Amino acid sequence: MPEKQKINLLWFGNDLRIRDNESLFNVMQEDLPFLAVYIFDETFFSSTQFGFKKIGQFRAQFLLETVSDLNNNLNQKNIPFLKKFGQTQDIFNQISEYFEIEKIFCQSEWTQEEVAFEKQITSILPYVKWVKSYSQLLLQPNFVAEKLDEIPLLFTTFRQKIEKDFKIRNEFECEQLVNRKPDLYLKIKSDDVTLKTLGFDDFEMHQSTAFPFLGGETAAMQRLNAYFFETKNLSRYKETRNGLIGEDYSSKFSAWLANGSLSAVSIFHEIKKYEAKFGNNESTYWLVFELLWRDFFKYTSMQFRDKIFLKVGILERDEEFKFAQNLINQWVNGGTNSDFINANMEEIKHTGWMSNRGRQNVASYFCKILKQEWRIGAAYFEEMLIDYDVHSNYGNWMYLAGVGNDPRSRIFHAEKQAEQYDTNHKFRNLWL
Ligand SMILES: Cc1cc2nc3c(=O)[nH]c(=O)nc-3n(C[C@H](O)[C@H](O)[C@H](O)COP(=O)(O)OP(=O)(O)OC[C@H]3O[C@@H](n4cnc5c(N)ncnc54)[C@H](O)[C@@H]3O)c2cc1C
């Protein structure tokens, strides 16, 4: 039997980009040739929780666009790329039939499903070396560890400690790198993965969506340039971020951030460039403030691990929830007693998008008015949201259910909120 070629593997997960990709940067410094791989793991497309799929059509479509863009960008860099659909462990088995894998470069993950994949791979490749990055975060773990012995429950405490001597790393300069070691004989073929493969029919996006964008880092950078430099919307972010209609009220970076086609560190440095050119104000600061919320939920889940998936949450508080399928159905289908809630639920059903204001209201309504268990609402969001991110979704839901980062029991009054944020009924008229 011929000797297998020794290679490294660049295993893409939620870091589907070239710019500021630590794993890509690191694997390109090695002497061995490497293969880049992305796996559409079929369990994400077949399994359900509380009757909801783990990934719905909107995120599936966005992911396909993202991987296609990545494929093009890797091609330009001479990097061999394998795109597969199947079980992660089967694909790793297949690759290791042809190659001896020395190191796997990937993004560090700590939530249960991602950790389970790593365990499966380790059982196939017990001697492989793992080289992990933390490039989904704005703040580096060693910087946070210097500032805090543990992650506090309250965001304000976290932020105030972090903002003293605030340090953000430089970007990993990957864009100029070109692969000089592509001498890799690939006997395995990429799969042609389509919406059909993932279990969906083709669909047209609703014309009223506030998120009419494509997946992939090319579209992400176009959006960033438009929101910052072309329209200067960044300078109005704080006053407009609670809007409900259209492209411009907030950055819409979340979907690209969630699958890693845009890095929070790149956004930070672009904000600094913008400030140098057009000046800083409360709004330019506020976008960093919101990115800190994102990190806060990531660090919270890093500390509390799988507790974020428990009904009692990280507070271990046994809130009383009642189970009523008819109320859940009414909420999902926009048939509650509140027209503001219904309009938001129609929006997510038809577009996979909802504003932050909408999300806070519908989640609060679900937990506090309908008194349904928060994890069911979170599971529905997980299926529907284009920008689903495990840490932000479960963190925000726990928070609003009263079992998360805020020990006070908050409640949003949908009618008052509608009066304030949808005074002239424009948003409700759009969706109802
Ligand atoms: C119940 C509920 C569920 C949510 N689920 C998700 C989710 O699955 N994925 C997700 O990315 N966000 C989630 N959010 C947070 C927030 O609603 C979205 O990040 C935001 O609406 C995305 O729009 P944007 O990119 O235009 O935000 P902007 O206002 O432009 O903010 C910029 C970035 O800051 C971060 N950010 C802003 N607000 C929050 C927040 N409350 N928590 C964490 N990060 C924040 C996001 O990365 C966002 O892209 C959820 C919020 C609630 C209340």
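Everything that follows concerns the structure shown earlier in this document.
This structure is a prediction, so every number in the text was calculated from the model and none was measured.

**Student:** Tell me about the overall build of the chain, residues and numbers included.
**Tutor:** Helix and strand counts for the chain come out as 19 helices and seven strands. A compact globule built from 432 residues would reach a C-alpha radius of gyration of about 22 Å, and the chain, at 22 Å, matches this within 12%. Expressed as lengths along the three principal axes of its C-alpha atoms, the size of the chain is roughly 70 × 50 × 45 Å. Going through the 432 residues of the chain one by one, you find that 57% of them count as buried. Taking all contacts inside the chain whose residues are at least 6 apart in sequence as the whole, residues at least 24 apart take part in 80%.

**Student:** Residues and numbers for the pattern of salt bridges, please.
**Tutor:** In a structure, side chains of opposite charge can pair up when their charged atoms sit close to one another. Enumeration according to the criterion identifies 24 salt bridges in this entry. Lys273 is paired through a salt bridge with Glu270; the nearest N and O atoms lie 3.0 Å apart. Of this pair, Lys273 and Glu270 both sit in helix H11 (residues 264–278), separated by three residues, roughly a single helical turn. Its salt-bridge partner being Lys307, residue Glu316 comes within 2.6 Å of it at the nearest N-O pair. Overlapping salt bridges, with partners in common, bring together Arg19, Glu171, Glu270 and Lys273 in one network.

**Student:** Requested: an account of the packing of helix H14 (residues 339–351) against helix H16 (residues 374–384), with residues and values cited.
**Tutor:** If you want to describe how two helices pack, look at the angle between their axes and the distance between the axes. The geometry of H14 relative to H16 is characterised by a closest axis approach of 9 Å and an angle of 40° between their N-to-C directions. Looking at the two axes, H14 sits oblique to H16. Counted together, Met345, Ile348 and Lys349 of H14 and Tyr380, Phe381 and Met384 of H16 form the full contact between these two elements. Looking at the contact of H14 with H16 residue by residue, the classes come out as five nonpolar, no polar and one charged.

**Student:** Could you give an account of the side chain of Glu275, naming the residues involved and the relevant values?
**Tutor:** Within the secondary structure layout, Glu275 lies in helix H11. A relative accessible area of 17% places Glu275 in the buried class. For Glu275, the contacting residues outside a window of four places in its chain are Asn280, Thr284 and Tyr285.

**Student:** Describe the nonpolar core, listing the residues and the values that go with them.
**Tutor:** Membership of the largest hydrophobic core comes to 87 residues, with the highest contact counts inside it found for Phe228, Ile267, Trp331 and Trp374. The biggest single contributor to this core is helix H12 (residues 282–304), with 11 residues. Of all hydrophobic cores here, the second largest spans 49 residues; its members include Leu16, Ile55, Val128 and Phe172.

**Student:** I'd love a proper account of the packing of helix H15 (residues 356–369) against H16, names of residues and values included.
**Tutor:** H16 packs onto H15 with a crossing angle of 145° between their chain directions and a minimal axis gap of 9 Å. Remark: the crossing between H15 and H16 carries right-handed chirality. On the side of H15, the interface is formed by Arg359, Val362, Phe366 and Cys367, while H16 contributes Trp374, Ile376, Gly377 and Phe381. Looking at the contact of H15 with H16 residue by residue, the classes come out as six nonpolar, one polar and one charged.

**Student:** Describe the site of the ligand, naming the residues involved and giving the relevant values.
**Tutor:** Residues in contact with the ligand amount to 27 residues; listed here are only the nearest, Tyr237, Ser250, Ser251, Lys252 and Asn356. Between a nitrogen atom of the ligand and a side-chain N or O atom of Asn396, the distance comes to 3.0 Å. The fraction of the free accessible surface of the ligand (810 Å²) that becomes covered by protein chains is 97%. Where the shell around the ligand is concerned, the elements lending two or more residues are helix H10 (254–259), H12, H15 and helix H17 (390–401). For the shell around the ligand, the class distribution of residues is 13 nonpolar, eight polar and six charged.

**Student:** Residues and numbers for unusual backbone geometry, please.
**Tutor:** One non-glycine residue with positive phi stands out, namely Lys371, at about 55°. If you trace the backbone, Lys371 turns up in the loop between H15 and H16. Taking the relative accessible area as the measure of exposure, Lys371 reaches 35% and is therefore partly exposed.

**Student:** Break down the pairing of strand E5 (residues 81–86) for me, with residues and values.
**Tutor:** Across the six residues of E5, five count as buried, placing the element largely inside the fold. Relative to E5, strand E2 (residues 34–41) runs parallel, the two being bridged by six bridges. Bridge pairing in E5 places Tyr38 opposite Lys83.

Quick notes on the rules
- Residues numbered from 1 in each chain as written.
- Predicted model: local features only at pLDDT ≥ 70, side-chain atom pairs only at ≥ 80, totals over all residues.
- Heavy atoms only, no water.
- Helix = DSSP H or I, 4+ residues; strand = E, 2+ residues; numbered from the N terminus.
- Rg over C-alpha atoms; globule rule 2.2 N^0.38 Å.
- Buried < 20%, exposed > 50% of the residue type's maximum accessible area, 1.4 Å probe, protein only.
- Contact = heavy atoms within 4.5 Å.
- Salt bridge = Lys/Arg side-chain N within 4 Å of Asp/Glu carboxyl O.
- Axes fitted to C-alpha atoms, helices over the stretch in contact; angles between N-to-C directions.
- Parallel < 35°, antiparallel > 145°, perpendicular 65-115°, else oblique.
- Nonpolar A, V, L, I, M, F, W, Y, C, P; charged D, E, K, R; others polar.
- Core = buried A, V, L, I, M, F, W, Y, C linked by side-chain atoms within 4.5 Å.
- Left-handed = near helix turned anticlockwise from the far one by under 90°.
- Near = heavy atom within 4 Å.
- Polar contact = N/O pair within 3.5 Å; in protein donor to acceptor, adjacent residues only side chain to side chain.
- Areas by Shrake-Rupley, 256 points an atom, 1.4 Å probe, with all protein chains shown as cover.
- Pairing = 2+ DSSP bridges.

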